[in-house]
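What the coordinates show
These are the residues of each chain, in order.
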Amino acid sequence: MYEAIRTGTPAQVWQALVQEAGERNRRPLDETHESYLVFLLLRYQREPWLLSHVHGMDWMEALQRVGHARAEGLREVGDRCLVVAGLFPELAERRRVSVDYFMDIGRSAYLGVAEASRQAYAALYRQLSQSYRELVGTLQAMRLLSGPELIQVRRGENG
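Calculation notes
- Here, residues in each chain are numbered from 1, in the same order as that chain's written sequence.
- Only residues with pLDDT of at least 70 are given local features in this predicted model, and only at 80 or more are side-chain atom pairs given and counted; all residues enter the totals for whole chains, interfaces and linings.
- Side-chain measures were taken over the full set of non-hydrogen atoms in the model, leaving aside hydrogen atoms and water.
- Scored from 0 to 100, pLDDT records how confident the predictor is in each individual residue.
- Working rule for contacts: check all heavy atoms of both residues, and any pair within 4.5 Å makes them a contact.
- For cavity detection a 1 Å grid was placed over the protein atoms alone, and a set of points counts as a cavity when a 1.4 Å probe fits there but cannot get out; an open set counts as a pocket when protein lies on both sides within 12 Å along at least five of seven lines, with lining residues being those that have an atom within 4 Å of a point.
- Grid points are joined across faces, edges and corners, and a volume is the space filled by probe spheres set on the points.
- Secondary structure elements are defined from DSSP: runs of H or I of at least 4 residues count as helices, runs of E of at least 2 residues count as strands, and each element is numbered from the N terminus.
- Polar here means any residue other than Ala, Val, Leu, Ile, Met, Phe, Trp, Tyr, Cys and Pro, which are nonpolar, and Asp, Glu, Lys and Arg, which are charged; Gly is therefore polar.
- Note on definitions: salt bridges are taken to be side-chain nitrogens of Lys or Arg within 4 Å of carboxyl oxygens of Asp or Glu.
- Relative accessible area decides the class of each residue, using a 1.4 Å probe on protein chains only: under 20% of the type maximum gives buried, over 50% gives exposed, and in between gives partly exposed.

**Description of the confidence of the model for the chain**
- Confidence in the prediction of the chain, expressed as mean pLDDT, is 84, and 86% of residues score 70 or more.
- Taken together, the stretch residues 148–159 has pLDDT below 50 and engages in 26 contacts with residues farther than four places along the chain or on a different chain.

Structure follows, in C-alpha cells:
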C-alpha cells in the first residue's frame, strides 16, 4: 500500500490513508464518510491558516448569517474543527481546551448545516454530526501511520 501512497494522486493518497486508518481502528468508514473525509483533506491540505482560526468565534459568527451563507460558514467551522480534533490535537493543549471542545463545536456546526440546508444536504450533515466522533477517530488513527508519506501529503508535495 505504501508504494501507492508515494505514487498516487493526492486524492488517492488521502483515500489510502483514510482506509488504512479505518482498518487500524477496526471501524472502516462507509463510502459516504470516506469520500467526505478525502475531499475535506484535499481542501485543507494547502490551507496555511487552518490552525490560526478561533473556532468558537467563527462558529458564533456563522450563526449570525442567514441562508446559504450560514450553512457555508457552519460547514467550514465543522470541517476545520474535524481536522484540528483529528490531526492536530496538540493545538487544543496549547489553547488549554480539550479535544472535546473542538468536537462539540464541530458537531454543533454540522447540525446547524443540516438545519439550514435543503433535504439532501440536511441528511448528509445530520449523519456527519452523528458520526463526528468516529470521523475524528479515523483522523487520529491517521496520525499513527508511519512518517514520510503522511508528512508529504500535509506539505502538499504529492502534486
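Now that the structure has been shown, we can carry on.
**A closer look at the layout of surface pockets**
- Of the voids in this model, the largest pocket is the one considered here, and its volume is about 260 Å³.
- In terms of lining residues, the largest pocket is bounded by 13 residues, among which His-68, Ala-71, Glu-72, Ser-117 and Tyr-121 are the most central.
- Elements that contribute at least two residues to the lining of the largest pocket include exactly α5 (67–87), α7 (99–116) and α8 (119–130).
- The element that contributes the greatest number of residues to the lining of the largest pocket is α5, accounting for five residues.
- Taken together, the residues of the lining of the largest pocket break down into seven nonpolar, three polar and three charged.

**Here we look at the pattern of salt bridges**
- The tally for this structure, following the rule as stated, stands at 10 salt bridges.
- Of the charged contacts, one joins Arg-143 and Glu-90 as a salt bridge, the two residues approaching to 3.2 Å between their closest N and O atoms. Here Glu-90 lies in helix α6 (residues 89–94) and Arg-143 lies in helix α9 (residues 132–143), a separation of 53 residues in the sequence.
- For Arg-143, a relative accessible area of 35% gives the class partly exposed.

**A look at unusual backbone geometry**
- In the Ramachandran plot, Arg-26 falls in the positive-phi region, its phi being about 60° despite a non-glycine side chain.
- With respect to the element layout, Arg-26 can be found in the loop between α2 (10–25) and α3 (31–44).
- The exposed category is assigned to Arg-26, whose relative accessible area is 75%.
- Here the phi dihedral of Arg-96 falls at roughly 60°; this positive angle occurs in a residue that is not glycine.
- Take Arg-96: it is sitting in the loop between α6 and α7.

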